[in-house]
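One-letter residues, chain by chain:
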Amino acid sequence: MKSSHNGENLCFPTVRMSSSSSSSSSSSLFNHVGSSLLFQVHGNVYPTGYYNVTMYIGQPARPYFLDLDTGSDLTWLQCDAPCVRCVEAPHPLYRPSNDLVPCEDPICASLHAPGHHNCEDPAQCDYELEYADGGSSLGVLVKDAFAFNYTNGQRLNPRLALGCGYNQVPGASYHPLDGILGLGKGKSSIVSQLHSQKLIRNVVGHCLSGGGGGFLFFGDDLYDSSRVVWTSMSSDYTKYYSPGVAELFFGGETTGLKNLPVVFDSGSSYTYLNRVTYQTLTSIMKKELSAKSLKEAPEDETLPLCWKGRRPFKNVHDVKKCFRTLALSFTDGKTRTLFELTPEAYLIISNKGNVCLGILNGAEVGLQDLNVIGGIGDFV
């Protein structure tokens, strides 16, 4: 999935990459010219459970592994300020610069709810972030140098605001991390800051391979516009990237489920549907699969719904013919846009050789009516 950062458009790659040919296929999506920034993405939905990129921050610049999150704005690092409570990290804790972001800075105001922008010390900006999995980060905003290379080879070292997180509470999806790369739509987002300094166009996109890894880019000259489809972002969701409401199709046929509010969130490994949508979809799948050689495998607790075959599966390609393509249909005026999820984009193979559904019941994690397309739905 590629999404425009300014909330006006969302672009969907029309080219699908198989896990065995991601390197050669992905290169055709990028022109490698101009003044955009390109980063290699590491990780996978399963078994790793997250994606990250390496950012070089500070003077001298040091490497940090940051989780991708289009569902939040602020980029932060676990910080030796000193650290009151930090979790295991791949690298030594970030040593903050002395360049504090003052309370009056618009970036500081953007991190607080209207009417709640009060600072104990006008010279600094305190923040507190809470995530859907129950995790949180408490800290102070600083500015420091980021080391980037444009795709044309030119180097740049902009000073950008980031969070110095000195008190972290791990969430349910905890794993060792240096911090979070916030790619949301707010002023504190790295992309917003780079755009405000006129260093890039206001576009962020990522391309994730079903075999793991992928690319993240800032700027608008790294994709072939003739191979993507665009749709407008909804103004109803100021925080999230959302094309609005959708109708769900399965195998080219409507499920009868319409007006589904959909958002995209790379910080979520799996895709979540609201209770009714999840139950309807899984009921359709179970009915279809009952006539095939697959049997439910409740003993496999990798995910809530898994199936086993006559012999263990090695990869999704072994079993994808038993499943059909899902599609979300978005309507923008008179234009209808389909976002397709092939079986490779919503299935995983467990370490027991079973095939499991990477779409979960959002009601069980408090998402209520919202439908969230996570990392597994972004495969190309």
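Everything that follows concerns the structure shown earlier in this document.
Just so it is clear, the model here is predicted, and its values are computed rather than measured.

A few points about the state of the cysteines
Between two cysteines, a covalent bond joining their sulfur atoms is known as a disulfide.
Here is step 1: Per the counting criterion, the structure on display carries 5 disulfides.
Here is step 2: A sulfur-sulfur distance of 2.2 Å marks the disulfide that ties Cys-103 to Cys-119. A torsion of 85° about the S-S bond marks the disulfide between Cys-103 and Cys-119 as right-handed. Separated by 16 residues along the polypeptide, Cys-103 in the loop between strand S6 (76–78) and helix H2 (106–110) and Cys-119 in the loop between H2 and strand S7 (126–130) bring together distant segments of the chain.
Here is step 3: Accessibility expressed as a relative area gives 12% for Cys-103, which makes it buried.
Here is step 4: For Cys-108, the disulfide goes to Cys-125, at an S-S distance of 2.1 Å. Between Cys-108 and Cys-125, the S-S torsion sits near 90°, and that sign places the bridge as right-handed. With Cys-108 in helix H2 and Cys-125 in the loop between H2 and S7, the pair connects residues that are 17 residues apart, well separated along the chain.
Here is step 5: Exposure remark for Cys-125: the relative accessible area of 0% places this residue in the buried category.
Here is step 6: Sequential numbering of the bridged cysteines in the chain gives the disulfide pattern 1-8, 2-3, 4-6, 5-7, 9-10.

A short note on the layout of surface pockets
Here is step 1: Here the largest pocket defines a volume of roughly 1500 Å³.
Here is step 2: Lining the largest pocket are 50 residues, with Asp-69, Tyr-131, Ala-132, Asp-133 and Gly-267 sitting closest to its centre.
Here is step 3: Elements with a contribution of two residues or more to the lining of the largest pocket: strand S4 (50–57), strand S5 (62–69), S7 and strand S10 (159–169).
Here is step 4: A per-class count over the lining of the largest pocket returns 24 nonpolar, 17 polar and 9 charged.
Here is step 5: Mapping the lining of the largest pocket onto the domain boundaries places at least three of its residues in each of domain 1 (37–224) and domain 2 (229–373).

Considering empty space enclosed by the protein
Over the atoms rolls a probe the size of a water molecule, and its path tells where empty space is left.
Here is step 1: All told, the structure shown has 2 cavities of 30 Å³ or more when counted by the stated rule.
Here is step 2: Estimated volume of the largest cavity: approximately 70 Å³.
Here is step 3: Lining the largest cavity are Leu-248, Thr-271, Leu-273, Leu-281, Leu-326, Ala-327, Leu-328, Leu-341, Ile-359 and Ile-373.
Here is step 4: Counting residues per element, the ones that place at least two in the lining of the largest cavity are strand S18 (271–273) and strand S21 (326–332).
Here is step 5: Looking at the lining of the largest cavity element by element, the count peaks at 3 residues for S21.
Here is step 6: Grouping the amino acids of the lining of the largest cavity by side-chain chemistry returns 9 nonpolar, 1 polar and no charged.

Quick notes on the environment of Pro-47
Here is step 1: One can find Pro-47 in the loop between strand S3 (37–44) and S4.
Here is step 2: In this structure Pro-47 comes out as exposed when scored by relative accessible area, which is 64%.
Here is step 3: Along the sequence, Pro-47 and Ile-348 sit 301 residues apart, while their C-alpha atoms lie 9.2 Å from each other.

Things to note about the sheet that holds strand S19 (residues 295–296)
Here is step 1: Here 4 strands make up an open sheet; going across it, the order is S19-S20-S24-S23 and the pairing antiparallel. Looking at strand neighbours, the two that pair on one side only are S19 and strand S23 (347–349), the edges of this open sheet.
Here is step 2: Bridge analysis of S19 against strand S20 (residues 306–308) gives 2 bridges, and the strand direction is antiparallel. The residue of S20 that forms the bridge with Lys-295 is Lys-308.

Section: the packing of aromatic side chains
Here is step 1: Across all of its chains, the model carries 7 aromatic pairs by this definition.
Here is step 2: With centroids separated by 5.9 Å and ring planes inclined at 75°, the aromatic side chains of Phe-39 and Phe-148 adopt a geometry described as edge-to-face. Of this pair, Phe-39 sits in strand S3 while Phe-148 sits in strand S8 (residues 136–149), placing them 109 residues apart in sequence. For the pair Phe-39 and Phe-148, one class covers both residues: buried.
Here is step 3: Cluster of aromatic residues (ring-pair linked, three or more members): Phe-39, Phe-146, Phe-148 and Phe-218.

Definitions and limits used
Residues numbered from 1 in each chain as written. Predicted model: local features only at pLDDT ≥ 70, side-chain atom pairs only at ≥ 80, totals over all residues. Heavy atoms only, no water. Disulfide = S-S within 2.5 Å. Helix = DSSP H or I, 4+ residues; strand = E, 2+ residues; numbered from the N terminus. Buried < 20%, exposed > 50% of the residue type's maximum accessible area, 1.4 Å probe, protein only. 1 Å grid on protein atoms, 1.4 Å probe; cavity = no way out; pocket = protein on both sides within 12 Å on 5 of 7 lines; lining within 4 Å. Points joined across faces, edges and corners; volume = space filled by probe spheres on them. Nonpolar A, V, L, I, M, F, W, Y, C, P; charged D, E, K, R; others polar. Domains from an automatic or database assignment. Pairing = 2+ DSSP bridges. Phe/Tyr/Trp six-rings, centres within 6.5 Å; stacked < 30°, edge-to-face > 60°.

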